[in-house]
Amino acid sequence: MLKDITIGQYFPGNSIIHRMDSRFKIVLDIIYVIMLFVAQNFMGLAVAAIFIFMAYGVANIKFRLMLKSLKPIVPIVIFTAVLNLFFIKGEGNPLVDWWIFTIYWEGIETSLFMMIRIICLIVGMSLLTYTTSPIILTDAIESLLSPLKKLHFPVHELAMMMTIALRFIPTLIEETDKIMMAQKARGASLDTGGLMKKAKALVPILIPLFVSAFKRANELAMAMECRCYRGGEGRTRLRQLKASPIDFAVTALVLTVFGFVIVNNFIF
Amino acid sequence: MNAVETKNLTYKYSVGTPFETTAVDDVNVTIEKGEFVGIIGHTGSGKSTLIQHLNGLLKQTSGDVIINGRNIWSKDVNIRDIRFEVGLVFQYSEHQLFEETVYKDIAFGPKNMDLSPEEVDKRVREAAASMGITDDMLERSPFDLSGGQKRRVALAGVIAMEPQILILDEPAAGLDPIGRDTVLEKISEYHKNSGTTILLVSHSMEDIVKYAGKVLVMNRGRLFCYESVDNVFSKSKEIQMIGLDVPQITRLSLMLKEHGVDLGDDIYTIERAKQRLIEQIKGKQEC
C-alpha cells in the first residue's frame, strides 16, 4: 500500500549519526557526494562505499532498508550501465563483437564504476533522511540558508512551507488510503480497465482528497493566526541546533577520507 | 449459516520495520445471520483493523475470514463480490462524498454493481428513504449539507448496495446529540426492516446496549469477550479493568451490590433497574 513508501522516511534511533547536528549532516552529505565524483578509480570509490556502509552500521539501520531505498532507481542504474557498456570505445580488441554490439574491457569497467557511484549516491542521501526527522531537516536548511536573508530572500517562509508540506505528507497519504478504502468498499475498481477508465476511477478519490486538503489548509491557517503567527521576525526555536564535539570529530573523519580519495587519484 | 466467521485471524502492521505491531491477535469469532453486534474497545484495540478484514480491504497476516460460508481469500472468490456482500461504512464516512448531487453519490455503489438503471434508481430511493433523506435533498450537492445529513448520505451510499452484512465504524462519531440519535435510530430501523446482519463499532457502551443484541469487546488486538448484552455485564468489573465504560446504571447497580442490594448482573437499562428495585422492595414488605 501507500504506506510502504520509504523515500524520505525517518527511522528514529539514538546512534551517533542520529544525534549529530543536522546542519553538519547536510554539509557532510554534500561533501560525500562531491567525493563520489572526485574519485577517479575503483580504489577511491571502494573507500567511499565502505565508508557509507560503515556509517549505516553505526546508525544501526538494517541492510534491508538500504536496499529498499535503492528500489526506485534500479531502472536508472541498469540504463546507465547498459549505455556505458555498449558505447564506451576502448583500445585494443573488443571482447565481444557481434552484429551491432561491441563490448570493450573499458566499457565493462566504466559501467561498473557508474553503477557503484549511483548506488553510493542514493544510499548516502538516504542515510540523511533515515536518521534525521523531516522537521529537523528543514530547521537545518533554514539555518544553512539564513545568509540569504541579507538578500531579502524569504528563508523563514520557505522553511515554514517546507515544514508544513512535510508534516502533511503522511497525513495526506493516510487520508488517501482511507478514501481509497472507502471507495473500494463501494465497489470502485482502481486497478483494472484501460487508461480512460483508470483516469475516471481517480475522480472519486481526488475530489474528496482535495476537499479535505483545502479544509485542512484553511483550518491550519486559522489556527496559526489565532496564535498570532506573523512570520520569522524575532521567533525563537524549540529545538536549538548546536554543534557538539561529535560533529567536529565526524567532520574530521569525512575530510580525512576525502583527502585520501584525492591523494589516491594522483598515486594510482 | 453463519454470516461471519474468523479463524485465528492475525494482522501485523509494517512487518520488518521498527514500527512492527500486532493490531489483531488470534481472533476467533462467529457471528450469526441477522444479528446486531456492537463492537467496543479502546482506541487502538484493533476494532477498525478487524472489520477491514471482513470485506477484504486488508489481508490478514495469518488465519482465515469466512463470509457466508466462503473463505474470502480462496482462489474461486472474487473479492469485489465480497465487497458487495459486506458493506463497510468508515469512520467519518462523509469524507468519501464526491459527486455533484446526493443522488449520484448514493448511486455510485449500485452502479459499480452493474445493475440496470431502473434497479439503481429503485435502490437509491429506498436507501435514501431508509436514512431519512428527502427527495429535495437528493438533487442538492452533498457538500452543502450539514454534518449529520452528510453522514446519512454516506450511509445510504452503502445501504443502496443492499449488502447482507453491514459494518459501521463509529457512525455517530462527531455528531451532535440529535444527529447521533437520528443516525443510530435509522440504522436500528433498517436492521428491523431488512434483517441485515449489522456490526456496529462504537466507543459508547450506552449506544451499544440500546441497539445491539450482542457485544464484542476487543482489548489490545485480542478478543476479550463476545456475549449477549444480557450476559456481558456479569463481567462489568473486568470490562472496567480494561478501561472501558459500562452504562451509568450498571455502575450504580454495582455500587448497590457492594452495599448489599443485589439487583442482578444484567442491569443496563433504567427500566430494568427500576423493575428489579420495586420487586425487591415488595419482597421485603411481604416478609
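Residues numbered from 1 in each chain as written. Chains lettered and ligands numbered in written order. Predicted model: local features only at pLDDT ≥ 70, side-chain atom pairs only at ≥ 80, totals over all residues. Heavy atoms only, no water.

Undergrad: In this structure, what is going on with the overall build of chain A? I would like to understand it.
TA: Scanning chain A from N- to C-terminus turns up ten helices and two strands. Relative to the 2.2 N^0.38 estimate, which gives 18 Å for 268 residues, the radius of gyration of chain A is 24 Å and therefore markedly larger than a compact globule would have. Counting only C-alpha atoms and orienting by the principal axes, one finds that chain A spans roughly 70 × 55 × 40 Å. For chain A, the proportion of its 268 residues judged to be buried stands at 37%. The long-range share in chain A, meaning contacts at least 24 apart out of those at least 6 apart in sequence, stands at 74%. Here chain A has roughly 16500 Å² of accessible surface; of this, 72% comes from carbon and sulfur atoms. On chain A, the mean spot of the 27 positive side-chain charges and the mean spot of the 18 negative ones are 8 Å from each other. (Helix = DSSP H or I, 4+ residues; strand = E, 2+ residues; numbered from the N terminus. Rg over C-alpha atoms; globule rule 2.2 N^0.38 Å. Buried < 20%, exposed > 50% of the residue type's maximum accessible area, 1.4 Å probe, protein only. Contact = heavy atoms within 4.5 Å. Areas by Shrake-Rupley, 256 points an atom, 1.4 Å probe, with all protein chains shown as cover. Lys, Arg positive; Asp, Glu negative; His and termini not counted. Charge placed at Lys NZ, Arg CZ, Asp CG, Glu CD.)

Undergrad: Looking at this structure, I do not really get the packing of aromatic side chains. What am I missing?
TA: Aromatic ring pairs are described here by two measures, namely the spacing of the ring centres and the angle between the planes. Residue and element names in this part refer to chain A. As enumerated under the stated definition, the model contains eight aromatic pairs over all chains in all. Between F210 and F214 the ring centres are 6.3 Å apart and the planes differ by 45 degrees, which places this aromatic pair in the tilted class. Here F210 pairs with F214, and both are found in helix α9 (residues 195-226), just four residues apart, close to one helical turn. By relative accessible area, F214 is classed as exposed at 59%. (Phe/Tyr/Trp six-rings, centres within 6.5 Å; stacked < 30°, edge-to-face > 60°.)

Undergrad: What is the right way to look at the environment of B:D262 in this model?
TA: Residue and element names in this part refer to chain B. Its location among the elements puts D262 in the loop between α11 (248-258) and α12 (270-286). Distance from D262 to A156, taken between C-alpha atoms, is 44 Å for residues 106 residues apart in sequence. Beyond its immediate sequence surroundings of up to four residues, D262 is in contact with K257 and Q280. At a separation of 2.9 Å, a polar atom in the side chain of D262 contacts the main-chain amide nitrogen of G264. (Polar contact = N/O pair within 3.5 Å; in protein donor to acceptor, adjacent residues only side chain to side chain.)

Undergrad: For this particular structure, what's the right way to read the sheet that holds strand β7 (residues 165-169) of chain B?
TA: Sheets are built from strands paired through backbone hydrogen bonds, the pairs being either parallel or antiparallel. All names here are of chain B. Strand order in this open sheet of six strands is β6-β7-β8-β3-β9-β10, and the pairing throughout is mixed. At either margin of the open sheet sits one strand with a lone partner, and together these are β6 (86-89) and β10 (222-228). If you compare each strand with its neighbour and ignore which way they point, the axes differ by 15 degrees on average. Both β6 and β7 contribute to a ladder of four bridges, which runs parallel. Residue pairing in the sheet places G87 in a bridge with L166 of β7. Along the sheet, helix α6 (residues 147-159) contacts β6 and β7; its crossing angle with β6, the most-contacted strand, is approximately 165 degrees. (Pairing = 2+ DSSP bridges. Axes fitted to C-alpha atoms, helices over the stretch in contact; angles between N-to-C directions.)

Undergrad: Looking at this structure, I do not really get the domain arrangement of chain B. What am I missing?
TA: Many authors give the size of an interface as the accessible area that is lost as the parts come together. Residues and elements named next belong to chain B. For chain B, the domain assignment lists domain 1 (2-242) and domain 2 (247-287). Computed from C-alpha atoms alone, the centre-to-centre distance between domain 1 and domain 2 is 34 Å. At the junction of the two partners, domain 1 supplies ten residues and domain 2 supplies ten residues. Note on domain 1 versus domain 2: buried area summed over both sides is about 850 Å², and carbon and sulfur give 61% of it. Sorting the residues of domain 1 by area buried against domain 2 places E206, D230 and F233 first, and these three jointly supply 46% of that buried surface. Linking domain 1 with domain 2 are one salt bridge, by the criterion used here. In this structure, the salt-bridge partner of D230 is R272, at a minimum N-O distance of 3.0 Å. Broken down by secondary-structure element, the contributors of at least two residues to the side of domain 1 that touches domain 2 are α8 (205-211), α9 (229-232) and α10 (236-241). Here the side of domain 1 that touches domain 2 is built from residues that sort into four nonpolar, three polar and three charged. (Domains from an automatic or database assignment. Buried area = accessible area lost by both parts, 1.4 Å probe. Salt bridge = Lys/Arg side-chain N within 4 Å of Asp/Glu carboxyl O. Nonpolar A, V, L, I, M, F, W, Y, C, P; charged D, E, K, R; others polar.)

Undergrad: How do you make sense of the packing of helix α7 (residues 134-145) of chain A against helix α8 (residues 155-185) of chain A when you look at a structure like this?
TA: All names here are of chain A. At a closest axis distance of 9 Å, the pairing of α7 and α8 adopts a crossing angle of 165 degrees. In terms of their interaxial angle, α7 and α8 are classed as roughly antiparallel. Considering the relative orientation of α7 and α8, their crossing is right-handed. Contact residues: α7 offers P134, I135, T138, I141, E142 and L145, while α8 offers V155, H156, L158, A159, M162, T163 and L166. Residues belonging to the contact of α7 with α8 are distributed by class as follows: nine nonpolar, three polar and one charged. (Parallel < 35°, antiparallel > 145°, perpendicular 65-115°, else oblique. Left-handed = near helix turned anticlockwise from the far one by under 90°.)

Undergrad: When you look at the pattern of salt bridges in this model, what are you seeing that I'm missing?
TA: Think of it this way: side chains of opposite charge can pair up when their charged atoms draw near. All names here are of chain B. A complete count under the given rule lists 18 salt bridges over all chains for this structure. Residues E85 and R70 are paired through a salt bridge, measuring 2.6 Å at the closest nitrogen-oxygen approach. With E85 in helix α2 (residues 79-85) and R70 in strand β5 (residues 70-71), this pair connects stretches of sequence that are 15 residues apart. Its relative accessible area of 14% is what places E85 among the buried residues. Here R70 falls in the partly exposed class, since its relative accessible area comes to 33%.

Undergrad: I tried to follow the interface of chain B and chain A on my own but got confused; where do I start?
TA: Taken together, the contact between chain B and chain A spans 26 residues of the former and 23 residues of the latter. For the pair chain B and chain A, the summed buried area comes to about 2000 Å², and 65% of that belongs to carbon and sulfur atoms. Counting every contact that joins chain B to chain A gives one salt bridge. Linking chain B with chain A are four residue pairs in polar contact (both at pLDDT 80 or more). Listing elements by their share of the side of chain B that touches chain A, those giving two or more residues are α2, α3 (102-112) and α6 of chain B. Of the residues belonging to the side of chain B that touches chain A, the class tally is 14 nonpolar, nine polar and three charged.

Undergrad: Teacher, can you tell me more about the pairing of strand β9 (residues 214-219) of chain B here?
TA: Remember that side chains alternate between the two faces of the sheet whenever the strand is regular. Residue and element names in this part refer to chain B. Where strand β3 (residues 36-41) lies against β9, five bridges are found, and the strand directions are parallel. Looking at the pairing, G38 lines up with V215 of β9. Relative to β10, β9 runs antiparallel, the two sharing six bridges. For L216, the partnering residue across the bridge sits in β10 and is Y226.

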